[in-house]
Amino acid sequence: MTAALLARDVTREYALDGVTVPALRGVSFTVDAGDYVAIIGPSGSGKSTLMHLLGGLDRPTTGTLEIGGRDVSGLDPQDLAKLRNETIGFVFQSFHLLARTSAVDNVALPLVYRGMRASERRRRAAAMLERVGLGHRLDHRPNQLSGGEQQRVAIARALVTDPQVLLADEPTGNLDTRNGQAVLALLEALNGEQGVALVVVTHDNEVADRAHRKIVMRDGEIVPAS
Amino acid sequence: MRFAEAWRVAIDALRANRLRSTLTMLGVIIGVAAVVVLVAIGTGTKQQIEQQVEGLGSNLLIVLPGQVSLGSAPSVSRMDLSDVDAVSKIVGDRNRVAVTVASGETVAAGNVDTFATINGVIETTPQVFVRSLARGTYLSRSDVDTSRRVAVLGWRVAKTLFGERDAVGQQITIAGVRFRVIGVFAQLGQSLGVDRDNEVHVPITTAQRLLGTNRVDGIAIKAPNREEINDLSARIIAELGRRHPGTEFSAVTQEQILGVLGDILGVLTGVLAAIAGISLLVGGVGVSNIMLVSVRERTKEIGLRKAVGARPRDIGVQFLLEAVLLTTLGGFIGMGLGIGAALVVAALSPVPAAITWWSLALAFGVSAAVGIIFGVVPAQRAGRLDPVVALRTE
């Protein structure tokens, strides 16, 4: 069975004012289908860069990266967009919901780029909101929802495309402890029920400890878990 | 992404910033309205002049001595009444030939006087030109043959001399010589800048005696149909040339006059439209500017859309549609304003204005094109945004 994510000797360098800055110095690991992995490390450790690579938002400078079994090195921006749409679900620290758009339309957004009909989009988005416990808030706008509710809308949006991998970047970072726990519990439940691989990027050890596996980053490299 | 969906997103985005969208559109609105109004005025003026030239009568051929070109001073005529008879013979119908000797003279009745154009004519004038009488009768053949001192007054001359009183039957003097008024023309207005209500028609024989001349200034022929005009023109010029060796004669048709005037007015309308077009261009630059601002403001949104699967093209189309929507909406409003302004101008001022479908189509087409041209750069910029950078923007 192919891994949901596979990284082999992945490096990523940035050119800043003519100076090459290495952000990743050769990273190798796999995330299997249905796996639950935490990527943890202090800021500047390269974990955000890694997340962008794993999400198909960026391509490695060298090394091999496979997302959903596809090598991203040969993909152009069009193909990468399609790959993200079909394979990856993103959950961000700051939710990234469209402000003037209802919860159900926010959730349906990825389906827009599949060319799906509006009625079908709404049906699926509503079902997904129901699943995350917001069936009664379909037509609320983000500013009418609490932070926890907004993050659940974002989770519904990430899952509405039925992706192989859910990438959560500090999903609890903007939430209080209670709401943070609830969001993590929801992510874990979805991971267990739907078999979607869950990758949580965090600097919080408590969050990371809940994962099946921890990948600890430091200075652009994976270091053994302490 | 479906096209309808892209439209919906574009409309939403414009509604989110209503004041800004309106102000941005204003540039396009003013530009399009200016194009529509100025083209309407140009077209209206052209139509008015065409009507005036055609209003003289149909299938007219005007024979004048000398080389005729628009704006040149007329040469002194060497034609006389025998030439008129010769032309009548060629045409084969005296009723299709009109003639004039003209001079500016003082016309007086009692202690009121005015300066008018005295036209010495023959009785056929109403058959050749479009002229109708408000009162009385026109000159008769016997008036011409016996040099009677009778006159038909233009509308303004009659009004100046007699006010609301009936001029028919009254005595007037032309250059001090007594005449009896037998008719008054209906009001006609201007033709090519000449006030045709300021004319007095008298028998040509009487006029020649009054002016101490036997010359004829010009001959007008009403051809039986359009096809015969050129043939007739050639035969008349040849005959006159034979009768007056060494003198050149020319014949102009209404079509030739219209052709020259039409060219001039066409250029004028074009220049006006181009000037208005510049303001449309400025409006387009404004759209471009605002779209660039909009792309910058919505960087986060672009990043998110890309993260969930929007291709560069989807984002580009979204912003391009927004720009096109701005300009076409502005174009529509500008068209409405332009039509309204043109109607007001036509109704309240002497300047004529005529709305033509092509000016509307052009204005709309150009405003849509402006949207595309000035929307492309911001749209490309949006489409090419790196999603990583876009998502990081706060």
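Report on the accompanying structure.

1. Focus on the interface of chain B and chain A
Okay, so step 1: Contact with chain B, which involves 18 residues of that partner, is made by 19 residues of chain A.
Okay, so step 2: Of all the elements in the fold, those that place two or more residues in the side of chain B that touches chain A are α1 (3-16), α10 (299-307), α11 (312-348) and α13 (387-392) of chain B.
Okay, so step 3: Counting residues per element, the side of chain B that touches chain A draws most heavily on α10 of chain B, at five residues.
Okay, so step 4: Taken together, the residues that form the side of chain B that touches chain A break down as nine nonpolar, one polar and eight charged.

2. A few points about helix α8 (residues 229-243) of chain B
Okay, so step 1: Here α8 of chain B spans 21 Å end to end across 15 residues, near enough to the 21 Å set by a 1.5 Å rise per residue.
Okay, so step 2: Its buried side turned inward, α8 of chain B meets β1 (60-65), α3 (81-91), β13 (218-222) and β14 (249-253) of chain B.

3. Let's talk about the packing of helix α3 (residues 103-112) of chain A against helix α4 (residues 118-131) of chain A
Residues and elements named next belong to chain A.
Okay, so step 1: Two elements in contact, α3 and α4, have axes separated by 8 Å at closest approach and are oriented at 120°. Between α3 and α4, the crossing angle belongs to the class labelled oblique. The two elements α3 and α4 meet at a crossing, and its hand is right-handed. Between α3, through A103, V104, V107, A108, L111 and V112, and α4, the contact on the second element is made entirely by R121, R122, R124, A125, A126, M128 and L129.

4. Observations regarding the sheet that holds strand β2 (residues 19-31) of chain A
Residues and elements named next belong to chain A.
Okay, so step 1: Read from one edge to the other, the open sheet built from four strands follows the order β2-β1-β4-β5, with strand pairing classed as antiparallel. Of all the strands in the sheet, the pair left with one neighbour each is β2 and β5 (70-71).
Okay, so step 2: Note that strand β4 (residues 62-67) and β5 share two bridges and pair antiparallel. Among the inter-strand pairings, E66 is bridged to a residue of β5, identified as D71.

5. Quick look at α3 of chain B
Residues and elements named next belong to chain B.
Okay, so step 1: Those residues of α3 that sit buried are D83, V87 and V91. Along α3, the residues classed as buried sweep out an arc of 80° about the axis, all on the same side. Residues of α3 that are exposed and angled more than 90 degrees away from the buried face: S82, D85 and K89.
Okay, so step 2: Residues of α3 that are buried sit in contact with β2 (79-80), β3 (97-109), β12 (215-216), β13 and α8.
Okay, so step 3: Looking one or two places after α3, you find G92, whose phi comes out positive at around 85°.

Rules behind the numbers
- Residues numbered from 1 in each chain as written.
- Chains lettered and ligands numbered in written order.
- Predicted model: local features only at pLDDT ≥ 70, side-chain atom pairs only at ≥ 80, totals over all residues.
- Contact = placed C-beta atoms within 7 Å.
- Helix = DSSP H or I, 4+ residues; strand = E, 2+ residues; numbered from the N terminus.
- Nonpolar A, V, L, I, M, F, W, Y, C, P; charged D, E, K, R; others polar.
- Expected span 1.5 Å × (residues − 1).
- Axes fitted to C-alpha atoms, helices over the stretch in contact; angles between N-to-C directions.
- Parallel < 35°, antiparallel > 145°, perpendicular 65-115°, else oblique.
- Left-handed = near helix turned anticlockwise from the far one by under 90°.
- Pairing = 2+ DSSP bridges.
- Buried ≥ 20, exposed ≤ 12 C-beta atoms within 10 Å, placed from the backbone.
- Arc of directions from axis to C-beta.

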